[in-house]
Amino acid sequence: MTQTVATWQDEVHRLARERDAVVLAHNYMTPEIQDVADHVGDSLALSRIAAQTDASTIVFCGVHFMAETAKILSPGKTVLVPTELAGCSLADTIDVEQLRAWKAEHPGAAVVAYVNTSAAVKAESDICCTSSNAVEVVESIPREQEVLFLPDQFLGAHVRRQTGRDNIQVWLGECHVHAGISPTDVRAQVAAHPDAELLVHPECGCANSAIWLAGEGELPMGRTQILSTGGMVDAARGMTSRTALVATEIGMLHQLRKVNQHTTFLPMNPKASCRYMKMTTPDLLLRALREGRDEVEVPVDVAAKARNAVERMIAIGQSGGGE
Ligand code: 13P
Ligand code: SF4
């Protein structure tokens, strides 16, 4: 009689069943974590799944602010993150004291916080957004009202451009991974792959110049798209070109290659790897499921204040981005 050997993936599924847990993974996780998860997606899609799931425990394979957002939306559920050390350099660019001081300088302004922020910053904000609905979120605010957009300067510039509003103040934060994907990388890769489509995350340092270069005719305007990670997966599904250059964290390539085997997806900068996203390993995922750690807690008063901003966010914008 042959005996089947249980793999770590079997063990994840067994422990998740035992704990009544759903395993969510962001598009930047390593391929092995993406493949073992129940759902993979962008931050908006995963927030929506976290808000709707029947499971009593959510294991969030992503970074800490994502798990915190799930806890804000589902305070009665247990939310686990495989390691609480998985932070975000962009979220760290603004704290609640800095936001209060900024608000005091702009009385009457609406505060739009990108989801890459701490729960305390969300609690001081009027509405949150992700890269997939930032433009719609800002368009939901009366045109004459000033907007404080934080913390990502490149996403803020993208929103300014898309909405055509000049009353948007933008915090000068950036993500070290996306800021590192430079216009020089774009020029070199486009020269090497002149027929490629371009998928660019709006957090990228190159996003503004990509649009500018497209406008100048240096990049293919019809083949350059600024998209969230979930938007990239949707765009890849229908793609017919032979090559696509992808300007975001390299974990993204796994889902793109899964949904479209015809197109060759290449990183705009192969060094664009987020060390926080790569902290989640199979061992830490197993530890989370076995030992119930690291549990994410948000103080009740902070969560109550932040919930309004996060619920407004998940009500706005496209509903794709995850599966
Ligand atoms: P998405 O919302 O596009 O998934 O991006 C999240 C993120 O952290 C980008 O760095
Ligand atoms: Fe934060 Fe950048 Fe990592 Fe996204 S890629 S989690 S914004 S540090």
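(A) Representation of the site of ligand 2 in the model. Around ligand 2, a shell composed of Tyr28, Val63, Cys88, Ser89, Leu90, Asn116, Cys175, His176, His178, Glu203, Cys274 and Met277 is seen. When atoms are counted within 2 Å of each cavity's grid points, the one that captures over half of ligand 2 is the largest cavity. Across the shell around ligand 2, the residue classes tally to 7 nonpolar, 4 polar and 1 charged.

(B) Main features of the pattern of salt bridges. Within the structure shown, the criterion is met by 13 salt bridges. For Arg290, the salt bridge goes to Glu11, with nearest N and O atoms at 3.6 Å. Of the two residues, Arg290 sits in helix H14 (residues 282-291) while Glu11 sits in helix H1 (residues 8-19), which places them 279 residues apart along the sequence. The class of Arg290 is partly exposed, set by a relative accessible area of 48%. Residue Glu11 is classed as buried on the basis of its relative accessible area, which comes to 19%. Where Glu97 meets Arg100, a salt bridge forms, and the shortest distance between an N and an O atom there is 3.2 Å. Of this pair, Glu97 and Arg100 both sit in helix H5 (residues 96-105), 3 residues apart, which is roughly one turn of that helix. Overlapping salt bridges, with partners in common, bring together Glu97, Arg100, Lys103, Glu124 and Lys305 in one network.

(C) Here's a closer look at the packing of helix H3 (residues 43-52) against helix H15 (residues 300-315). At a minimum axis distance of 10 Å, the contact between H3 and H15 shows a crossing angle of 110 degrees. Judged on the interaxial angle alone, H15 and H3 are roughly perpendicular. The chirality of how H3 crosses H15 is left-handed. Mapping the contact onto sequence places Leu44, Ser47, Arg48 and Ala51 in H3 and Met313, Ile314 and Ala315 in H15.

Calculation rules
Residues numbered from 1 in each chain as written. Chains lettered and ligands numbered in written order. Predicted model: local features only at pLDDT ≥ 70, side-chain atom pairs only at ≥ 80, totals over all residues. Heavy atoms only, no water. Near = heavy atom within 4 Å. 1 Å grid on protein atoms, 1.4 Å probe; cavity = no way out; pocket = protein on both sides within 12 Å on 5 of 7 lines; lining within 4 Å. Sits in = over half its atoms within 2 Å of the grid points. Nonpolar A, V, L, I, M, F, W, Y, C, P; charged D, E, K, R; others polar. Salt bridge = Lys/Arg side-chain N within 4 Å of Asp/Glu carboxyl O. Helix = DSSP H or I, 4+ residues; strand = E, 2+ residues; numbered from the N terminus. Buried < 20%, exposed > 50% of the residue type's maximum accessible area, 1.4 Å probe, protein only. Axes fitted to C-alpha atoms, helices over the stretch in contact; angles between N-to-C directions. Parallel < 35°, antiparallel > 145°, perpendicular 65-115°, else oblique. Left-handed = near helix turned anticlockwise from the far one by under 90°. Contact = heavy atoms within 4.5 Å.

This is a description of form; function is not addressed.
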